[in-house]
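# Chains, contacts and geometry: an overview
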Amino acid sequence: MASVTSMTFVIALYIFMLAAFTGYVVISRVPSILHTPLMSGSNFIHGIIVIGALNALFNATSIAEQAIGFVGVFLGAGNVMGGYVVTDRMLAMFRPSQKAEPARPEQEKPGQEKQGQP
Amino acid sequence: MFVEYCVGLSGLVASGLFIYGLKAMSSPVTAVAGIVAAGYGMLFVVAATFLNLFNITPEARPNLLVNVGLGVVALLLGSLWAGWRGRTVQMTSMPQMVAIFNGMGGGSAAALAAVELLGNHDIPLLPLSVTVIGALIGCISLSGSLIAWAKLDGRIRKPFRFSGQRAFNAALFAATVVLAVLTVMRYATPSAELPRDLFFGAALLLGVCMTLPIGGADMPVLISLYNAFTGLAVGLEGYIMNDPALMIAGMVVGSSGTLLTALMAKAMNRSLTNVLFSNFGETGG
């Protein structure tokens, strides 16, 4: 049994409105190549539910609450870690075009040999 | 008091980093920095949550050690399993992994609501209604995402359809809403268990029945929609938990996910109502 909210409903509505507008503005000019990584990234962000589940579990008083709270924390932790790992792997596909760590040695060597030969 | 300040400030830092991370992720150049920033925010806020142990209700104090143990074990199990799955899975099956992790988030929100409904018998009407709505959305997101995962993973090969399905789904939705109202109404009495349990069952079934007729080609759009659903559920549950960080993170994902769903549907030349209510996209399924 966690503490019941002490926030007035109107303040909650203010927070919801501002947050909803923020989310809309932040996303509004995304190129379509980033749709899937962004979906995965926002999937990671709503994993913050794990802290709500943790708080509920910390305040559990019965076996049923402990069991459901345990499941909730497990699912939330999976959401966080899975969301991060998947987003990281998706975005790793963008890295070679900037840093080109694996690709450059193979491309540069022939170029240097050509420059060196004449 | 000091603990409340620390936890509150950690939530503030985390939600700031989330918004910055989301903004950075909408450009290819800064995308990697964005997810890393959001990751640090998450690490920070989860660590700070353990400060709440100094602040629990007197009724829960005898269970403190058991609860902390359960929490740590669940955190480790969940993150290790998901990390292992996320690292080892084939790159081509990424969309279904997003679906399953999103479903887990929805399930977590629903479980949180269930714990609150189990323990508290004195929630005022308004927060109670918000909790039940959040539970409904979370349950739909959980079971719907699992069906979407099964479809993309090739475990359900054909869209499951029968005549009068739309009417059946509408009736199921109406029944779920009635059960939700009954849960709210009879909550103060001890006999609240039956409508509440039936409500959770009906909400899970609704997610399954909503997703089954939709073809495999439309699944990415649908997963994005369920992603927005989970965000909304998280935001609503954040209100009952009295945690603005949950409300902000959840609602930002809720609105950006809705916009993203519309953008994805548009990129595929489909409208959202088309995806949800017509069987047009079945060729790919």
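First things first, this report covers the structure right here in the doc. (Residues numbered from 1 in each chain as written. Chains lettered and ligands numbered in written order. Predicted model: local features only at pLDDT ≥ 70, side-chain atom pairs only at ≥ 80, totals over all residues. Heavy atoms only, no water.)

Helix and strand content of chain B: 10 helices and 0 strands. Secondary structure of chain B in N-to-C order comes out as α-α-α-α-α-α-α-α-α-α. For 285 residues, the compact-globule estimate of 2.2 N^0.38 gives 19 Å, and chain B sits close to it at 20 Å. Here the C-alpha coordinates of chain B stretch approximately 60 × 55 × 30 Å along the principal axes. Long-range pairs, those at least 24 residues apart, make up 73% of the contacts in chain B between residues at least 6 apart in sequence. Carbon and sulfur atoms form 73% of the exposed surface of chain B, whose accessible area is close to 12100 Å². Distance between charge centres in chain B, computed from 14 positive and 11 negative side chains, equals 17 Å. (Helix = DSSP H or I, 4+ residues; strand = E, 2+ residues; numbered from the N terminus. Rg over C-alpha atoms; globule rule 2.2 N^0.38 Å. Contact = heavy atoms within 4.5 Å. Areas by Shrake-Rupley, 256 points an atom, 1.4 Å probe, with all protein chains shown as cover. Lys, Arg positive; Asp, Glu negative; His and termini not counted. Charge placed at Lys NZ, Arg CZ, Asp CG, Glu CD.)

Listed per partner, the contact involves 100 residues of chain B and 79 residues of chain A. For the pair chain B and chain A, the summed buried area comes to about 8200 Å², and 77% of that belongs to carbon and sulfur atoms. Taken together, the links from chain B to chain A amount to 1 salt bridge. Residue B:R87 pairs with A:D88 through a salt bridge whose shortest N-O separation is 3.9 Å. Inspection of the chain B/chain A interface yields 19 residue pairs in polar contact (both at pLDDT 80 or more). Secondary-structure elements contributing two or more residues to the side of chain B that touches chain A are α1 (2–24), α2 (31–49), α3 (64–88), α4 (94–119), α5 (125–152), α8 (219–240) and α9 (244–267) of chain B. Among the elements that make up the side of chain B that touches chain A, the one with the highest residue count is α4(B) (17 residues). A breakdown of the residues in the side of chain B that touches chain A according to their chemical character gives 65 nonpolar, 29 polar and 6 charged. (Buried area = accessible area lost by both parts, 1.4 Å probe. Salt bridge = Lys/Arg side-chain N within 4 Å of Asp/Glu carboxyl O. Polar contact = N/O pair within 3.5 Å; in protein donor to acceptor, adjacent residues only side chain to side chain. Nonpolar A, V, L, I, M, F, W, Y, C, P; charged D, E, K, R; others polar.)

Another aspect to go through is helix α3 (residues 49–58) of chain A. Buried residues dominate α3(A), accounting for 10 of its 10 residues. Every buried residue of α3(A) is listed here: A:I49, A:V50, A:I51, A:G52, A:A53, A:L54, A:N55, A:A56, A:L57 and A:F58. (Buried < 20%, exposed > 50% of the residue type's maximum accessible area, 1.4 Å probe, protein only.)

Attention now moves to the packing of aromatic side chains. Each aromatic ring pair is characterised by the separation of its centres together with the angle its planes make. All names here are of chain B. This structure, assessed with the given rule, holds 5 aromatic pairs over all chains. Consider the rings of Y226 and F229, whose centres lie 5.9 Å apart with planes at 70°: the pair is edge-to-face. You can see Y226 and its partner F229 sitting in helix α8, 3 residues apart, about one turn around the helix. By relative accessible area, which is 23% here, F229 ends up partly exposed. It is R85 that lies over the ring of W84; its NZ or CZ is 5.9 Å from the centre. (Phe/Tyr/Trp six-rings, centres within 6.5 Å; stacked < 30°, edge-to-face > 60°. Lys NZ or Arg CZ within 6 Å of the ring centre and 35° of its normal.)

Residues and elements named next belong to chain B. Relative to each other, α5 and helix α7 (residues 193–211) sit at 40°, their axes nearing to 7 Å. Judged by the inter-axis angle, α5 sits oblique to α7. As for how α5 packs across α7, the hand of that crossing is right-handed. Together, V132, A135, L136, C139, I140, L142, S143, G144, I147, A148 and K151 of α5 and F199, F200, A203, L204, L206, G207, V208, M210 and T211 of α7 make up the contact between the two elements. Its residues assigned to classes, the contact of α5 with α7 comprises 15 nonpolar, 4 polar and 1 charged. (Axes fitted to C-alpha atoms, helices over the stretch in contact; angles between N-to-C directions. Parallel < 35°, antiparallel > 145°, perpendicular 65-115°, else oblique. Left-handed = near helix turned anticlockwise from the far one by under 90°.)

The next point concerns the layout of surface pockets. Residue and element names in this part refer to chain B. Empty space within the largest pocket amounts to approximately 700 Å³. It is α1 that provides the largest number of residues to the lining of the largest pocket, a total of 7 residues. Looking at the lining of the largest pocket, its residues break down into 10 nonpolar, 12 polar and 2 charged. (1 Å grid on protein atoms, 1.4 Å probe; cavity = no way out; pocket = protein on both sides within 12 Å on 5 of 7 lines; lining within 4 Å. Points joined across faces, edges and corners; volume = space filled by probe spheres on them.)

Remember, this is a structural readout, not a statement about activity or role.
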